[in-house]
Amino acid sequence: MIKTKITSLVIGLILGAGLGLYGNIDDDVMAAKTDSQTTKTVKQAKSLSQQYQYKEAKSVLSGHKGTTVDHLKKSINKQQSKLVTWDDPTKISHLFYHSLIVDPGKAFSSKQAQGYKDYMVTIDEFMPMLNQLYDNGYVLINFKDIISIDKQGKVTFKPVKLPEGKKPLIISQDDVNYYEYMKNSGFADKLVVNKQGDVKNQYTNNGQKKIGDYDMVPIIDTFIKKHPDFSYGGSKGVIAETGYNGALGYRSSKSQYGDTKKTHREAKKATKVANAMKKEGWQFASHSWGHINMTTASVDDIKKDTALWQKEVQPIVGKTPVLIFPFGADIGSFTNYTNDNAKYTYLKSSGFSIFDNVDASQTSWGQLTNDYYRNARINVDGIRLHETMTGENTVLNDFFNTKDFYHRDK
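Conventions we followed
Position numbers for residues count from 1 along each chain, tracking the sequence in the order it is written. This being a predicted model, a pLDDT of at least 70 is required before a residue's local features are given, and a value of 80 or more before pairs of side-chain atoms are given or counted; all residues contribute to the totals for chains, interfaces and linings. Think of the side-chain values as coming from all heavy atoms in the structure, minus any hydrogens and water. UniProt positions are given in the numbering used here, feature names are shortened, and annotations may be inferred rather than shown by experiment. Here, nonpolar core refers to any group of buried Ala, Val, Leu, Ile, Met, Phe, Trp, Tyr and Cys residues whose side-chain atoms link them within 4.5 Å. Only protein chains enter the accessibility calculation, which uses a 1.4 Å probe. A residue is then buried if its area is under 20% of the maximum for its type, exposed if over 50%, and partly exposed in between. Runs of E in the DSSP output that reach at least two residues are strands. Runs of H or I that reach at least four are helices, and both are numbered from the N terminus. Two strands are said to pair when DSSP picks up at least two bridges between them. Each patch is built from salt-bridge-free residues with over 30% relative accessible area, joining like charges within 9 Å and nonpolar side chains (Val, Leu, Ile, Met, Phe, Trp, Tyr) within 5 Å. Accessibility throughout is a Shrake-Rupley quantity obtained with a 1.4 Å probe, and a residue counts as covered only by protein chains that appear here. The term salt bridge refers to a side-chain nitrogen of Lys or Arg lying within 4 Å of a carboxyl oxygen of Asp or Glu. We treat Lys and Arg as the positive residues and Asp and Glu as the negative residues; His and chain ends play no part in the count. To locate a charge, take atom NZ for lysine, CZ for arginine, CG for aspartate or CD for glutamate. Fitted lines through C-alpha atoms serve as axes, helices being fitted only where they are in contact, and the angles separating the N-to-C directions of these axes extend from 0 to 180 degrees. Angles below 35 degrees are treated as roughly parallel, those above 145 as roughly antiparallel, those between 65 and 115 as roughly perpendicular, and all remaining angles as oblique. Crossing chirality is assigned from the near helix's rotation relative to the far helix, an anticlockwise turn below a right angle marking it left-handed and a clockwise turn marking it right-handed. Note on contacts: a residue pair qualifies if any of its non-hydrogen atoms lie within 4.5 Å across the two residues. Polar here means any residue other than Ala, Val, Leu, Ile, Met, Phe, Trp, Tyr, Cys and Pro, which are nonpolar, and Asp, Glu, Lys and Arg, which are charged; Gly is therefore polar. Pairs of N or O atoms within 3.5 Å make up the polar contacts considered here, provided that, within protein, one atom can donate a hydrogen while the other can accept it, and that residues adjacent in sequence are counted only when both atoms are side-chain atoms.

The protein chain carries the name NodB homology domain-containing protein in an unreviewed UniProt entry. In its Subcellular location (unreviewed entry) section, UniProt records this for the protein chain: "Secreted".

Below, the structure written as structure tokens:
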């Protein structure tokens, strides 16, 4: 009887000790999980604050405690107290490019050599520009950051807040279609999504296909991974898309290539790329379907062209309120659009509320009404860079030093 009691007592003590031991392990595991979650939270908050999303960063930290969290909250509050508000719609600078030249030797010796020299820049010229824009305090935004459009079509400007010395900048690229005439001329073939889910270019050189950073989209994506503070809330640039040769390098136009299994496959591939780009902060714009001059085109021509864009390009890139005029050819003078302007009223009724022309006479120009926002872009190309070198036009001097990288005139 005594032996039985002793045995039960020993077993009880062992079990009790064991339960205590397991309880300590559970506590350690819970503590480790808490530390891991805090580490992830701090990392997320730091990432948000790096891209000037201070309110969102503080929201992520809400409910978390600890020395690291407290220090980060203080740092964010300090940064917030010194922000400069950009609330003037006329002060948003906008630079635009065409497809970047990968191989200048091929491009400048092709049939279209003069056009490429006039309207394109090379990757070797673009990279120093990008670095200097960053060094000079520019931060990439897109129209989603500054323009709000309600269901009734009313347009409101949203201020952007940045640290002192930082300046908002929109970058756009026209004709990201990799047209048929550009084949074998030293340009990328198309945009693709690689196995890691990143958007890259396919580039063919002497029959060999390569995947990499061969145009603006992947170049900026890679740059912002290294310099997250070059982007406001993850925003990248604006991509102006036509449709007559398909989209993003895919021959998806049914009106041009036929309603076939191939064009359907091409459209599906292009849509996959467009979705990946939007997820990474890129915004799309219409550049018209046929790259038409909207100054000289009739209202009926604009209607036919817009219908084609909505039928063939919009299903790929999604609806957009942004229209970037081909050739910079606006539908009105620099005075406000009015309802007497039939081109404007049609385009507004078709869903466009943001319009972009070209003006290289000043570093920024904007026009805001309750119905639309108009923004001027500065062309960065061979013509503008040459004029900068000669002093004929100095507007680009506010953004970068052209003499550091432009050597074509020598």
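*Asks:* I would appreciate a short explanation of the nonpolar core in the present structure.
*Replies:* One broad rule of soluble globular proteins: the nonpolar side chains tend to lie buried together. Judged by nonpolar contacts, the single largest core of 56 residues is most densely connected at L95, Y97, L248, M277 and F400. Listed in part, the 28 residues of the second largest apolar core include I146, F157, I324 and Y373.

*Asks:* Just checking my understanding: could you explain the pairing of strand β7 (residues 167-174) for this structure?
*Replies:* The side chains of a regular strand alternate, residue by residue, between the two faces of the sheet. Among the eight residues that make up β7, seven are buried, leaving the element largely enclosed by the rest of the structure. Bridge count between β7 and strand β11 (residues 238-241): three bridges; the pairing is parallel. Residue pairing across strands places S172 opposite V238, the latter belonging to β11.

*Asks:* Before we go on, may I ask you to explain unusual backbone geometry in this structure?
*Replies:* What you tend to see is this: most non-glycine residues have negative phi, and most peptide bonds are trans. Phi is positive for Y52, close to 70°, though the residue is something other than glycine. Relative to the assigned elements, Y52 resides in the loop between α1 (2-50) and α2 (54-61). At H291, a residue that is not glycine, the phi angle is positive and equals roughly 55°. Within the secondary structure, H291 is located in the loop between β12 (283-286) and α11 (299-312).

*Asks:* Explain the pairing of strand β8 (residues 190-193) here, please?
*Replies:* Two strands pair when backbone bridges link them, and β8 and strand β9 (residues 199-205) are joined in this way by four bridges, in the antiparallel orientation. Bridge pairing in β9 places K190 opposite Q202. Count of turn residues in the β8/β9 antiparallel hairpin: five residues, of which G197 carries a positive phi of about 90°.

*Asks:* It is not clear to me how a positive patch on the surface should be interpreted in this structure. Could you clarify?
*Replies:* Where like charges cluster on the molecular surface, the positive patch consists of K261, K262, R265 and K269. Mapped onto the elements, K262 comes out in helix α10 (residues 261-279). Since its relative accessible area comes to 53%, K262 is described here as exposed.

*Asks:* Please clarify how the UniProt feature "domain: NodB homology" (unreviewed entry) in the protein chain should be interpreted in this entry.
*Replies:* According to UniProt, the positions carrying the feature "domain: NodB homology" (unreviewed entry) are residues 266-340. Between the end C-alpha atoms of residues 266-340 the distance is 41 Å, and the span holds 43% helix and 9% strand.

*Asks:* I'm lost on the packing of α2 against helix α3 (residues 67-80) in this one. Help?
*Replies:* A pair of packed helices can be characterised by two numbers: the angle between their axes and the separation between those axes. Between α2 and α3, the shortest axis-to-axis distance is 10 Å and the interhelical angle comes to 160°. Viewed along their axes, α2 and α3 adopt a mutual orientation that is roughly antiparallel. Considering only the axes of α2 and α3, their crossing is left-handed. In contact with Y54, K55, A57, K58 and L61 of α2, α3 contributes V69, L72, K73, I76, N77, Q79 and Q80. A breakdown of the residues in the contact of α2 with α3 according to their chemical character gives six nonpolar, three polar and three charged.

*Asks:* Which parts of the structure should I look at to understand the side chain of Q173?
*Replies:* Relative to the elements of secondary structure, Q173 occurs in strand β7. Of the polar contacts made by the side chain of Q173, one reaches the side chain of D215; its length is 2.9 Å. Apart from residues lying up to four places away in sequence, Q173 is in contact with Y97, H98, S99, L100, D215, M216, V238, I239 and A240.

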